[in-house]
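# Coordinate inspection notes
So the chains spell out like this:
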Amino acid sequence: MMESRNVVFTAPWKAELLRQPVREGGLPPGHALIKKRYSLISTGTELACLSGNEGWFSMPRTAGYCCVGRILECAGDVRGFAPGDMAYYYGSHSEYEVADTSGLFVRLPEGFDARYAPLVRMATVAATALRVSQITLGDYVAVVGQGLVGNFAAQLAGLQGGRVIGVDVSPMRLGVSRKCGVEHTVNPNDGDAAAKVKGISKGLGVSTLIEATGFPPVIKGAFDYVAPKGEFILLGTPRGDYSANLAEVLTRSHLAFSDITIKGAHEWKFPTLKAPHSRYSIEGNTELMMDCIMSGRLKVEGLITDTIKPEEAPEYYGRLRADRDSCLGVQIDWD
């Protein structure tokens, strides 16, 4: 029987590499057997899962967010894919996996570097913020948080015509953002960030704020960056307890002199697959992000800061818990 090395969250703050059996032959309808090449660790979502505080993630469970791998075998009813194809999908940190091809399951374009394929999900997540925004040519846009999602959101806002300000407390991440073409960067640890953002935006504040951290104190403070009649887009998932006067936030939206519009931009806002009734879909965004990366419109050099082997993963999650700002993109190499 074939076995797979799987990264399993077995209890809060406990990750293990376990060998588990793999189903061979007699695949369920619509499924394919995949041998992984790379999978990407999503530090925000996965650390939240590992903490035991994500209600949808029960333990023990194989972790994982997105991956790319080679098809070894297809069920008889699978069309459009064949053994040998490289496929990108929302799979787990596992050496082998039986994947459902009827969901988001995309053949890697010819010439696409497999190392960068898992980054596509982070770009697709970021694209949601741009889809709901009103950014037009020349608008000032601030993106708070310059992790992978925030970096891509900043790049995409620039492609949409915005004059972009990346905000983060990590000098390393801000440096990567500048190399990716983000025009301005601000580190709140270096002084009054709101004053610096307003200075860059000629004293007005930004017309669009994309919040990519999900950290409630940061969310609250970021309202100070936004100009009257601007939009505040919640891209990062808010997590953690936080005590504050909610009226201070809500009045920014309620009062006529500020009138800030608050928008949600969760990834699953759109349907998974392309459909006539929906202008946007995760599938369509995925194909577009692949094209942007292949064409060089989205920069990916330098976004993968750490590549580890499966055996290193359990210890690596401990490092991420202690200091996740020391890295940007972390991928597992399954070869």
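Residues numbered from 1 in each chain as written. Predicted model: local features only at pLDDT ≥ 70, side-chain atom pairs only at ≥ 80, totals over all residues. Heavy atoms only, no water.

## Section: the nonpolar core
We apply this condition: For the purposes of this section, nonpolar cores are sets of buried Ala, Val, Leu, Ile, Met, Phe, Trp, Tyr and Cys residues that join through side-chain atoms within 4.5 Å. Residue burial is assigned from relative accessible area. The probe radius is 1.4 Å, only protein chains are included, and a residue is buried under 20% of its type maximum, exposed over 50%, and partly exposed in between. Secondary structure elements are taken from DSSP: a helix is a run of H or I of four residues or more, a strand is a run of E of two residues or more, and numbering for both begins at the N terminus. Here a residue-residue contact requires only that any non-hydrogen atoms of the pair lie within 4.5 Å.
Of all hydrophobic cores here, the largest spans 54 residues; its most connected members are Leu-108, Phe-152, Ile-210, Leu-235 and Leu-303. Listed by contribution, the elements that provide at least two residues to this core are strand S3 (31-41), strand S5 (66-74), strand S6 (86-89), helix H2 (119-132), strand S9 (140-144), helix H3 (148-159) and helix H8 (282-295). If you tally residues by element for this core, the top one is H2, at 10 residues. For Ile-210, the residues in contact, after removing those within four places along its chain, are Ala-129, Leu-130, Val-141, Ala-142, Val-143, Val-144, Ala-153, Ile-233 and Leu-235.

## Remarks on the packing of H2 against H3
Let me state the cut-off plainly: The axes used here are C-alpha line fits, helices contributing only the stretch in contact, and every angle between their N-to-C directions lies in the interval 0 to 180 degrees. Relative orientations are named as follows: roughly parallel for angles under 35 degrees, roughly antiparallel for angles over 145 degrees, roughly perpendicular for angles from 65 to 115 degrees, and oblique for any other angle. For any pair of crossing helices, the crossing counts as left-handed if the nearer helix is rotated counterclockwise from the farther one by less than a right angle, and right-handed if it is rotated clockwise. Each residue gets one label: Ala, Val, Leu, Ile, Met, Phe, Trp, Tyr, Cys and Pro are nonpolar, Asp, Glu, Lys and Arg are charged, and the others, such as Gly, are polar.
Two numbers describe how H2 lies on H3: the axes approach to 8 Å, and their chain directions differ by 55°. Relative to H3, the element H2 is oriented oblique. You can see that H2 and H3 cross each other, and the crossing is right-handed. Contacts between H2 and H3 pair Leu-119, Met-122, Ala-123, Val-125, Ala-126, Ala-127 and Leu-130 from the former with Leu-148, Val-149, Phe-152, Ala-153, Leu-156 and Ala-157 from the latter. When the residues that make up the contact of H2 with H3 are grouped by side-chain class, the tally is 13 nonpolar, no polar and no charged.

## Overview of helix H4 (residues 171-179)
Side chains of residues three or four places apart in an α-helix project in the same direction, reflecting 3.6 residues per turn. The complete set of buried residues in H4 reads Arg-173, Leu-174, Gly-175, Val-176 and Ser-177. Contact partners of the buried residues in H4: H3, strand S10 (163-167) and strand S11 (184-186). At the exit of H4 stands Gly-181, carrying a positive phi of roughly 100°.

## Comments concerning the packing of aromatic side chains
Aromatic ring pairs are reported here in terms of the distance separating the ring centres and the angle at which the planes meet. Definition in use: Side-chain rings of Phe, Tyr and Trp (the six-membered ring for Trp) are treated as a pair once their centres are within 6.5 Å; stacked means planes under 30 degrees apart, edge-to-face means over 60, and tilted covers the remaining angles. Charge over a ring is defined by NZ of Lys or CZ of Arg lying within 6 Å of the ring centre and within 35 degrees of the ring normal.
Throughout the structure, instances matching the rule amount to nine aromatic pairs. Aromatic side chains Phe-223 and Phe-232 sit 4.0 Å apart centroid to centroid with 10° between the ring planes, which places their arrangement in the stacked category. Take Phe-223 and Phe-232: they sit in the same class, and that class is buried. For the ring pair Phe-270 and Tyr-280, a centre distance of 5.6 Å and an interplane angle of 65° mean the geometry is edge-to-face. Taken together, the residues span a long stretch of sequence, with Phe-270 in the loop between strand S14 (261-264) and H8 and Tyr-280 in the loop between S14 and H8 at a distance of 10 residues. Feature note: the residues Phe-9, Trp-56, Phe-57 and Tyr-317 constitute an aromatic cluster, connected by ring pairs. The ring centre of Tyr-96 lies 5.8 Å from the NZ or CZ of Lys-35, which sits over that ring.

## Structural notes on the pattern of salt bridges
Here is the rule: By definition here, a salt bridge exists when the distance from a side-chain nitrogen of Lys or Arg to a carboxyl oxygen of Asp or Glu is within 4 Å.
Summed over all chains, the structure comprises 18 salt bridges. Linking Glu-311 and Arg-5 is a salt bridge whose minimum nitrogen-to-oxygen distance equals 2.7 Å. With Glu-311 in the loop between strand S15 (304-308) and helix H9 (313-322) and Arg-5 in strand S1 (residues 3-11), this pair connects stretches of sequence that are 306 residues apart. For Glu-311, a relative accessible area of 48% corresponds to the partly exposed category.

Read these as spatial facts, not as claims about activity.
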